[in-house]
Structures are given as structure tokens and as C-alpha cells.
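Residue-level structural notes
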Amino acid sequence: MAVPLEHPRNAVDPELEELEIELLLEAVYRRYGFDFRQYAQASLRRRLTRRMQAEGAATLSELQARLLHDPPSMERLLLDLSINVTAMFRDPSFYVTFREKVVPLLRTYPFTRIWCAGCSTGEEVYSLAILLEEEGLYERARIYATDINENVLATARAGVFPLSKMKQYTENYIRGGGTLDFSRYYVTAYDGAQFARSLTENVVFAQHNLASDRSFNVFNAILCRNVMIYFDRTLQERVHGLFHESLETFGILALGHKESLSFTSVAQCYEELDATERIYRKIR
Ligand SMILES: C[S@@+](CC[C@H](N)C(=O)[O-])C[C@H]1O[C@@H](n2cnc3c(N)ncnc32)[C@H](O)[C@@H]1O
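A short tour of the structure in this document, coming up. Think of each chain on its own: its residues are numbered from 1, step by step along the sequence as written. At least 70 in pLDDT is required for a residue's local features to be given in this predicted model, at least 80 for side-chain atom pairs to be given and counted, and no such filter applies to totals for whole chains, interfaces and linings, which use all residues. Side-chain measures were taken over the full set of non-hydrogen atoms in the model, leaving aside hydrogen atoms and water.

**Things to note about the sheet that holds strand β5 (residues 192–195)**
In sheet architecture, strand pairing relies on hydrogen bonds along the backbone and comes in two forms, parallel and antiparallel. Under the convention used in this document: Any two strands with at least two DSSP bridges between them are considered paired. A run of H or I in DSSP counts as a helix once it spans at least four residues, and a run of E counts as a strand once it spans at least two, with each numbered from the N terminus. For every element, the axis is a line fit to its C-alpha atoms; helices are fit only across the contacting stretch, and the angle between N-to-C directions ranges from 0 to 180 degrees.
In spatial order, the strands read β3-β5-β4; together these 3 strands make up an open sheet with antiparallel pairing. Two strands bound the open sheet, and with one partner strand each, they are β3 (160–162) and β4 (186–189). Neighbouring strand axes in the sheet, compared pairwise and without regard to direction, differ in orientation by 35° on average. Inspection of the sheet shows β4 paired to β5 by 4 bridges, in the antiparallel sense.

Given below as C-alpha cells:
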């Protein structure tokens, strides 16, 4: 169908916008390998428009050209798109349930492999390492902590978090079932809290894209919280397939209260361990 040519340049034409977004995401994928083509539309549109304005581009097509020719602008977009908000012992009740219901199962293994997918700047990984350490499991565990974004992984590897957050994290730790003095896990340096190196001795940080990369090991447990909320249904299906393939039978899938396994094609393959924290066990 022919498009009328008199459409005013500044008015947002939803069809044109959709086309521009599609082309931009294809361009980003082909040039840089980052695949955001199956991210949830509404939040994607919001973030791209915000980046377009911040870069001083008049249209999404102009932003696309910028991204193709200027890699630093791609870095900035990556930060916008891979929303990295996180915290230590985030949603503390999750950790209480993990201690109560998952730790006893992990104890039955001589060695456990845990995948923390979409780990962002690492706060979740350090929290998990602390929990395992306190439960006497850390020595015989290996955590694979992955994220699409290399920048956040660099922060995760460094293990230095703002000192100003330690009050909140201490409260989270206690509400998450911690009983020791939280400050034993870090030393202060200027305005940062440097977490103990021992907490990452059994951690492998690596870049991994849930949208396009394959399974890389078989795990006893997978944690993936606050990640798939940004994906559309097709991509969620892909990731659930990947997790199912990557979990051994009776392995644990911990999604946190914002995500769900219901309505996915693998739902029948799991039994529910905790309905509130959305923790499941693979049974087939
Ligand atoms: C909101 S953070 C969640 C961090 C942590 N799991 C938590 O619950 O606090 C979401 C993370 O998912 C990562 N992410 C987004 N898309 C991804 C993808 N396709 N593959 C791997 N990680 C991805 C982002 O880079 C970001 O660090």
C-alpha cells in the first residue's frame, strides 16, 4: 500500500516508528551482535526514544546511523537497554526461602554448579556467595555469573560497591536470614566497600547473551531474577528452553516473584517448590 507523502515530519507515525525500531534493532544486531529484537515493545520504545533525545538525534533512523558509525553511542544505548538495577539481598524474603527450601536440596550434592543469569553488577552473586558460605556450601560450589553487558561484569569482578548502600544492604541481609555482622564481608576504602576476594574465588564471571547464546554447562540450580520481564513471550520461551536444557533432573530454577513459569511450554516439566518466590524443581 502506498504511503501518503504529506505526513508531517514531527508527528509520530506509529507504523513508521515500528519500522524504524525494527530496522535499528536489526542494524544493532548485525553490526554488534547484541540481539534486542525480541524485547518487550513498550519499554524498548521508551528507552530508544530517550536515547534518541539524549544523543540529539531527530529520528530513530538518525539514531540508527549514529549507532552504526559511533561505537561509544552503542555503549550508551547498551546501558539504557540492559536495565541494570540490582541490590544485595534484593527482595530479602527470596533468600529466606532459598535457605529454607533450596539449601537442603543442594546439601545432597557433593558439588554444586549454580548459574546466576543476568547478574548485572554482581550484588546478587555476592549475596548468594555469602549465603552459601554461611550454610557451609560455598567450598563445594561453583557459581557461573553471566550477563550480556561487559561493563556491568567489570564492576561485578571488582566487587566494590558504594559505601552509602551498606546500611540498606545490611538491613536486607538481616531480613534475608543473615545472622552475622554483615561488615565482616567487606573493608571500606574511601567511599567504597570492597567485598572479600574469597567470595569470588569460586565464581566465574562471563559474558553470555540469553537471546542468542547456547547452554554452556549442566547446573544444579539456575537463578534468573528480574531479567525476563524485559523480554517478549517468544524470547521468554527461548530462555526457558535454554534453562530446561541446562538443568539436570531435580535441578532448581529460581525466578523471583516478578517472573513466572506458568503459560510456558516447559511448565509441566517442573514442580513448584515455592509459589511466592517462584522457585521450581525440574522433574522431567
Ligand atoms: C534488572 S537486572 C537484574 C539483576 C539481578 N538478577 C537482580 O535481580 O538484581 C537485569 C540484567 O539482565 C541483563 N540482561 C538483559 N538482557 C540480557 C540478555 N539478553 N542476556 C543476558 N543478560 C541480559 C542486563 O544487562 C541486566 O544486568
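Right, picking up where we left off after that structure.
**Re the nonpolar core**
Rule in force here: Here the nonpolar core consists of buried residues drawn from Ala, Val, Leu, Ile, Met, Phe, Trp, Tyr and Cys, with membership extended through side-chain atoms lying within 4.5 Å. Relative accessibility under 20% of the residue-type maximum defines a buried residue, over 50% an exposed one, and the middle range a partly exposed one, all with a 1.4 Å probe and only protein chains included. Any two residues having at least one pair of non-hydrogen atoms within 4.5 Å are treated as being in contact.
Grouped together as the largest cluster of nonpolar side chains are 44 residues, with contacts concentrated most on L132, F182 and F195. Of the residues forming this core, the biggest block, 7 residues, is contributed by helix α6 (residues 123–134). Among all residues touching F195, those that are not within four sequence positions of it are M88, Y126, I130, G159, F161, M166, F182, Y185 and Y186. Of all hydrophobic cores here, the second largest spans 42 residues; its members include L77, L247, L261 and V266.

**Digging into the sheet that holds strand β10 (residues 279–282)**
In space, the 7 strands of this open sheet follow the order β6-β2-β1-β7-β8-β10-β9, with mixed pairing throughout. Strands at the two margins of the open sheet, each flanked by one partner only, are β6 (203–207) and β9 (270–274). Between one strand axis and the next, the sheet turns by 20° as a mean value, whatever way the strands run. Strand direction decides the pairing type here: strand β8 (residues 247–254) and β10, joined by 3 bridges, are antiparallel. Residue pairing for β10: I252 is matched across the bridge by R281. Relative to β6, helix α7 (residues 150–158) is tilted by about 165°, and along the sheet it contacts β2 (141–147) and β6.

**As for the pattern of salt bridges**
Threshold: Every case where a carboxyl oxygen of Asp or Glu lies within 4 Å of a side-chain nitrogen of Lys or Arg is listed as a salt bridge.
What the rule picks out here adds up to 16 salt bridges. If you follow the salt bridges from partner to partner, you end up with R51, E55, D70, R76 and D80 in one network.

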